[in-house]
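Remarks on the overall topology
Chain by chain, the residues:
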Amino acid sequence: MFPIGWNGPVGDLCAVDLRQVMSGAAAAAAGFNAAGLDEAAHQAFVDAALRQAAVEMGDKTNVIIFNGENHAEWETSVTFHIKAKGLGKVLTKARPTDAVEAGKWDDLNDQAFGKIGERIDPKYHEFLLDLTTAKEAMDKMKEIAEANDTNLLIRTRRCGQK
C-alpha cells in the first residue's frame, strides 16, 4: 500500500496513465511537505511513492518512446520511470569517489541508462554509443530535440520567404 496520505485506489492501477499516478503522488507529497518535512524527506517520500506506484501497477505504464519531436513528454515519463525504479540519483548526483559507493552508483547508472535506451526510437541509439552515464543520455536526447526544433524553425522561415 501507499504511505499514509495517499488519496487514491491501488487495486486497479494498471489501466491508469503514469501521469495520473504522479499527480496523486505529488499531491500526497505536497501534503506531507506542508506538514513540515525538509527537502530530503520530501524527496524520499516522493521517490517511495513512485516506486510503490510501479509495483502496484505491475510496471504496466504507458510508455512514451522518444521520437525526436516529443522530448518534453518523453523526459517527464522516463524520469518518473527511472525514479520509480529507485535509480533517480544517477540523474542528479555525481559518481562518488569511494570505490564501494562508486560501484553501487555504476550499477544504478547502467540500469538507468538501459531504461533510457529502451524508451527511445532505435534510430537514435547511435547517439548513445559513446556515452557512459544516464545523465549524458538524457542531455543528448534534449540536444537532439532542440536541434530538431531549430531545423523546423529554419525550414518554416525558408518556406515563408518564398
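As a reminder, the structure under discussion sits directly above these lines.
Attention here is on the structure that accompanies the text. All values reported here derive from a predicted model rather than from experimental measurement.

Bringing the side chain of His71 into the picture now. Here His71 is to be found in helix 3 (residues 71-84). Not counting chain neighbours up to four residues away, the residues in contact with His71 comprise Phe66, Met138, Met141, Lys142 and Ala145.

In a regular helix each residue adds 1.5 Å, so 14 residues correspond to 20 Å; helix 3 covers 19 Å between its end C-alpha atoms and thus fits that length. Residues of helix 3 that are buried include every one of His71, Trp74, Ser77, Val78, Thr79, His81, Ile82 and Ala84, and no others. Note on helix 3: the residue one or two positions beyond its end, Gly86, has a positive phi of about 80°.

Across soluble globular proteins, you tend to see nonpolar side chains buried next to one another. Phe66, Trp74, Ile82, Ile116, Ile120 and Met141 are the most contacted members of the largest nonpolar core, which has 22 residues in total. Of all the secondary structure elements, the ones that give two or more residues to this core are helix 3, helix 4 (89-92), helix 5 (99-118) and helix 6 (134-161). A per-element tally of this core places helix 6 first, with six residues.

Counting across every chain of the model gives three aromatic pairs. Here a set of aromatic residues connected by ring pairs shows up, and it is made of Phe66, Trp74, Tyr124 and Phe127.

Below, the discussion takes up the pattern of salt bridges. Pairing of side chains with opposite charge becomes possible as their charged atoms draw close. By the definition in use, this model includes six salt bridges. Ionic pairing is found between Lys104 and Glu101, a salt bridge with its closest N-O pair at 3.5 Å. On the criterion of helical spacing, the pair formed by Lys104 and Glu101 is a turn pair, its members being three residues apart in helix 5. Residue Glu101 is classed as partly exposed on the basis of its relative accessible area of 32%. Glu143 is the partner of Lys140 in a salt bridge, and the nearest nitrogen-oxygen pair spans 3.2 Å. Of this pair, Lys140 and Glu143 are both found in helix 6, three residues apart, which corresponds to roughly one turn of the helix. Each member of the salt-bridge network shares a partner with another, and the members are Lys115, Glu118 and Arg119.

Thresholds applied
Residues numbered from 1 in each chain as written. Predicted model: local features only at pLDDT ≥ 70, side-chain atom pairs only at ≥ 80, totals over all residues. Heavy atoms only, no water. Helix = DSSP H or I, 4+ residues; strand = E, 2+ residues; numbered from the N terminus. Contact = heavy atoms within 4.5 Å. Expected span 1.5 Å × (residues − 1). Buried < 20%, exposed > 50% of the residue type's maximum accessible area, 1.4 Å probe, protein only. Core = buried A, V, L, I, M, F, W, Y, C linked by side-chain atoms within 4.5 Å. Phe/Tyr/Trp six-rings, centres within 6.5 Å; stacked < 30°, edge-to-face > 60°. Salt bridge = Lys/Arg side-chain N within 4 Å of Asp/Glu carboxyl O.

So, to be careful, I would describe these as geometric facts and stop short of saying anything about function.
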